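Close look at the chain arrangement
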Amino acid sequence: MSAVPQERRVVTAIPGPKSQELQARRLAAVAAGVGSTLPVFTARAGGGIIEDVDGNRLIDFGSGIAVTSVGASAEAVVRRATAQLADFTHTCFMVTPYEGYVAVAEQLAELTPGDHAKKSALFNSGAEAVENAVKIARAYTKRQAVVVFDHGYHGRTNLTMALTAKNMPYKNGFGPFAPEVYRVPVAYGYRWPTGQDNAGAEASAQAIDMINKQIGADNVAAIIIEPVLGEGGFIEPAKGFLPAISQFAKDNGIVFVADEIQSGFCRTGQWFACEDEGIVPDLITTAKGIAGGLPLAAVTGRAEIMDAAHAGGLGGTYGGNPVACAAALGAIETMRELDLNGKAKRIEEVMKARLATMAEKFDIIGDIRGRGAMIAIELVKDRASKTPNPEAAGALAKACHAEGLLVLTCGTYGNVLRFLPPLVIGEDLLTEGLDIIEQAFAGV
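Structural notes, computed from the coordinates. (Residues numbered from 1 in each chain as written. Predicted model: local features only at pLDDT ≥ 70, side-chain atom pairs only at ≥ 80, totals over all residues. Heavy atoms only, no water.)

**Looking at the state of the cysteines**
Tallying each qualifying case throughout the model produces zero disulfides. Just so you know, C325 is unpaired, no disulfide at all, and the nearest cysteine sulfur is the one on C92, 12 Å from it. As a non-bridged cysteine, C400 has C410 as the owner of its nearest cysteine sulfur, 14 Å distant. (Disulfide = S-S within 2.5 Å.)

What follows is the structure in structure tokens.
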């Protein structure tokens with residue numbers, strides 16, 4: 001259990017005086033392009049609480065953007081990473097390898113969907129994982145085109161900016177972008193013109209038609225999709241969409257890549273979100289929740305595809321750092337021991353019930369969606385027009401922050417409140433956080 005007391009405490013204005021002093025130092029020393037949702041400076045964190053330098057304790061509904069699923073100081077993560085720190089911090093796996101990297105790859109082969117032979121390569125960040133998945137797919141297929149989807153987010157490197165749909169703040173002014181990237185519709189049920197029930201079949205037919213006519217299936221190396229779209233607004237593609245796209249890829253020799261960077265590792269109540277409709281991806285990219293907060297990412301997939309890149313073609317100085325690998329083994333141990341898939345499902349049960357009650361009272365809640373501990377509400381001016389309401393999302397987040405609840409916004413239109421609590425959060429904190437959200441709605 002975390003050493004940080006698991007109770008909310010607001011003792012100063014948020015941010016408090018010490019955080020404000022640190023913010024002044026930060027503004028002088030840190031590039032302005034690096035933003036922060038809430039400029040409270042963390043002193044320690046664990047369980048469902050972040051404690052700041054002023055002694056405020058905030059309920060955490062962000063998990064460092066779905067990273068600290070096992071908590072920000074999980075015992076097994078700290079224990080294993082500490083032991084590894086004492087032995088050695090780095091040799092570079094490409095120079096002299098070590099067991100931890102191999103052990104993480106073995107765990108990934110076991111946990112990811114499908115019973116085929118699998119291999120992995122480890123990296124530092126989600127964007128790196130996606131970029132390497134493209135390299136591997138191109139090496140395997142000898143093709144160049146990459147297909148991605150409306151509302152998708154895949155990272156901030158040059159190639160992954162091209163893959164990402166949203167201009168601000170991710171792409172604006174940073175071009176030119178990598179070529180041979182093509183975007184097609186996704187089954188965004190809430191906003192699909194003919195309704196949720198038709199979205200899966202119609203969107204997949206549209207996407208496949210565009211691929212065939214505008215690109216040519218024989219030119220496509222990879223189709224990349226988040227099984228639950230993260231930054232785009234926690235969009236669950238309407239049922240039937242993912243199976244249709246996956247089958248199209250299979251029929252045309254295209255590598256199907258599931259980007260599970262935000263949705264993976266128990267976040268949706270399953271080890272991986274693509275399991276919901278029985279999807280077995282050719283490659284799966286992971287990061288965020290994999291290592292309890294240490295930088296680690298992976299591409300895992302069919303052995304014959306993963307082996308397509310020539311020796312020396314994959315890697316990186318820090319990829320699969322030994323301390324991060326030790327932390328990942330600790331995080332996976334924690335997920336298994338505490339049944340964090342079960343915890344995620346319980347979080348969904350509690351959150352969706354409360355949010356449904358709020359929706360009866362507050363007309364600006366247009367949609368409640370998500371799975372497990374990856375839940376969101378889309379805010380609209382009114383339910384009939386579904387006009388996005390980003391102002392309400394900003395005001396609600398600000399009101400929650402002032403009361404000591406950390407929440408994040410997202411969505412292509414900036415009108416989605418997303419909730420990503422640590423999977424180990426106590427139900428009392430979860431309920432208290434929902435109380436604060438309800439009070440915030442009453443004040444907007």
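**Notes on the nonpolar core**
In terms of nonpolar packing, the biggest core is built from 123 residues, with F61, I223, L379, F419 and F441 touching the most fellow members. Once residues lying within four places of it in the same chain are set aside, the contact partners of F419 are F61, F234, M351, L355, A373, M374, I375, I377, V407 and I437. One finds A66, F234, A273 and C410 within the second-largest nonpolar core, a separate group that totals ten residues. (Core = buried A, V, L, I, M, F, W, Y, C linked by side-chain atoms within 4.5 Å. Buried < 20%, exposed > 50% of the residue type's maximum accessible area, 1.4 Å probe, protein only. Contact = heavy atoms within 4.5 Å.)

**Quick notes on empty space enclosed by the protein**
The full count for this structure, using the stated rule, is two cavities of 30 Å³ or more. Taken together, P227, E236, P237, K239, L242, A273, C274, D276, E277, I279 and R371 form the lining of the largest cavity. A per-class count over the lining of the largest cavity returns six nonpolar, no polar and five charged. In this structure, the second largest cavity occupies an estimated 50 Å³ of space. Lining the second largest cavity are T112, P113, H116, K118, P281, D282, L283, I284, T300, G301 and R302. The element best represented in the lining of the second largest cavity is strand β10 (residues 297-302), accounting for three residues. (1 Å grid on protein atoms, 1.4 Å probe; cavity = no way out; pocket = protein on both sides within 12 Å on 5 of 7 lines; lining within 4 Å. Points joined across faces, edges and corners; volume = space filled by probe spheres on them. Nonpolar A, V, L, I, M, F, W, Y, C, P; charged D, E, K, R; others polar. Helix = DSSP H or I, 4+ residues; strand = E, 2+ residues; numbered from the N terminus.)

**With respect to the packing of aromatic side chains**
The geometry of two aromatic rings is summed up by the distance between their centres and the angle between their planes. Inspection of the entire model under this criterion finds eight aromatic pairs. For the pair F88 and Y98, a centre-to-centre distance of 5.8 Å together with 65° between the ring planes defines the contact as edge-to-face. Remark: Y98 occurs in the loop between α3 (75-87) and α4 (99-111) and F88 occurs in the loop between α3 and α4; sequence separation between them is ten residues. On the basis of relative accessible area, F88 is assigned to the partly exposed category, the value being 29%. Overall, Y98 belongs to the buried group, its relative accessible area being 8%. For the pair F93 and Y101, a centre-to-centre distance of 3.7 Å together with 10° between the ring planes defines the contact as stacked. (Phe/Tyr/Trp six-rings, centres within 6.5 Å; stacked < 30°, edge-to-face > 60°.)

**Notes on the pairing of strand β3 (residues 57-60)**
Of the two faces of β3, the one carrying R57 and I59 and the one carrying L58 and D60 are both buried. As paired strands, strand β2 (residues 49-52) and β3 are joined by three bridges and run antiparallel to one another. Among the inter-strand pairings, I49 is bridged to a residue of β3, identified as I59. In this antiparallel pair of consecutive strands, β2 and β3, the connection spans four residues, and G55 shows a positive phi of 90°. (Pairing = 2+ DSSP bridges.)

**A few points about unusual backbone geometry**
The omega angle of the peptide bond from I14 to P15 is 0°, so this bond is cis rather than trans. Residue placement: P15 occurs in the segment before α1 (17-29). For the bond from M168 to P169, the omega torsion is 0°, close enough to zero to count as cis. Locating P169 in the fold gives a position in the loop between α6 (158-163) and β6 (181-184). Even without being a glycine, K288 presents a positive backbone phi close to 30°. Positionally, K288 belongs in the loop between β9 (283-286) and β10. Overall, the relative accessible area of 24% leaves K288 in the partly exposed class.

**Structural notes on the pattern of salt bridges**
Two side chains with opposite charge may pair up if their charged atoms get near one another. Using the criterion set out here, one finds 27 salt bridges in the structure. One salt bridge in this structure joins E333 and R80, with 2.9 Å as the shortest N-O distance. Taken together, the positions of E333 in helix α10 (residues 322-337) and R80 in helix α3 put the pair 253 residues apart, joining distant regions of the chain. Owing to a relative accessible area of 32%, R80 belongs among the partly exposed residues under this scheme. Close ionic contact of K381 with E391 constitutes a salt bridge, the shortest N to O distance being 2.9 Å. Of this pair, K381 sits in the loop between β12 (374-379) and α12 (390-402) while E391 is found in helix α12, placing the two residues ten residues apart along the sequence. (Salt bridge = Lys/Arg side-chain N within 4 Å of Asp/Glu carboxyl O.)

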